[in-house]
Amino acid sequence: VQLQASGGGLVQAGGSLRLSCAVSGRSISTCHIGWFRRAPEGQREWVAAISRVATTDYAESVKGRFTISRASAENTVYLQMNSLKPEDTAVYYCNTVTLPSRVPTRRYWGQGTQVTVSS
């Protein structure tokens, strides 16, 4: 399975972005997909996940602002990010995960997509 994150960019605080995670090699209805992020000089942290039956889970820091969803026909998982804050600035990645542990399962993370929120 391969995952490709895209959709990042530069946005002002309070703005919105939608990230996409295009999945190939496996149907998203058969796996759990998570979004992670790594801030500058920070560790990678889990952000949100959607299960193979489309239940969702969020980190406390993004709950109420971010929404994870999926489009089965496109085999793509989305992360809608609203009310963005400067502390959301990070490189965002998607990966398959185990649930409820939220542990990423693939070693290769890809390049991710940069999100920069200006104050």
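Up top you'll find the structure we're talking about.
These numbers were taken from a predicted model, which means no experiment stands behind them.

A. Quick look at the nonpolar core. Ranked by internal contacts, the top residues of the largest apolar core, which has 35 residues, are Trp35, Leu79, Met81 and Tyr92. When contributions to this core are tallied by element, the ones reaching two or more residues are β1 (2-6), β3 (17-24), β4 (32-38), β5 (44-50), β7 (66-71), β8 (76-81), β9 (90-98) and β11 (113-118). Per-element tally for this core: the top contributor is β9, with six residues.

B. Representation of the state of the cysteines within the structure. For the structure shown, the criterion picks out one disulfide. Each sulfur of the disulfide joining Cys21 and Cys94 lies 2.2 Å from the other. In this structure the cystine formed by Cys21 and Cys94 twists about its S-S bond by roughly 85°; its chirality is therefore right-handed. With Cys21 in strand β3 and Cys94 in strand β9, the pair connects residues that are 73 residues apart, well separated along the chain. The residues Cys21 and Cys94 share a single accessibility class, namely buried.

C. Here's a closer look at the pairing of β8. Counting buried positions over the six residues of β8 gives five, a clear majority of the element. Inspection of the sheet shows β3 paired to β8 by six bridges, in the antiparallel sense. Pairing of Leu19 across the sheet is with Leu79, part of β8. Across six bridges, β7 lies against β8 in antiparallel orientation. Paired with Ser69 across the bridge in β8 is Tyr78. With antiparallel pairing between neighbouring strands as the criterion, β7 and β8 make up a hairpin whose turn holds four residues, including Asn75 at a positive phi of roughly 50°.

Parameters and conventions
Residues numbered from 1 in each chain as written. Predicted model: local features only at pLDDT ≥ 70, side-chain atom pairs only at ≥ 80, totals over all residues. Heavy atoms only, no water. Core = buried A, V, L, I, M, F, W, Y, C linked by side-chain atoms within 4.5 Å. Buried < 20%, exposed > 50% of the residue type's maximum accessible area, 1.4 Å probe, protein only. Helix = DSSP H or I, 4+ residues; strand = E, 2+ residues; numbered from the N terminus. Disulfide = S-S within 2.5 Å. Pairing = 2+ DSSP bridges.

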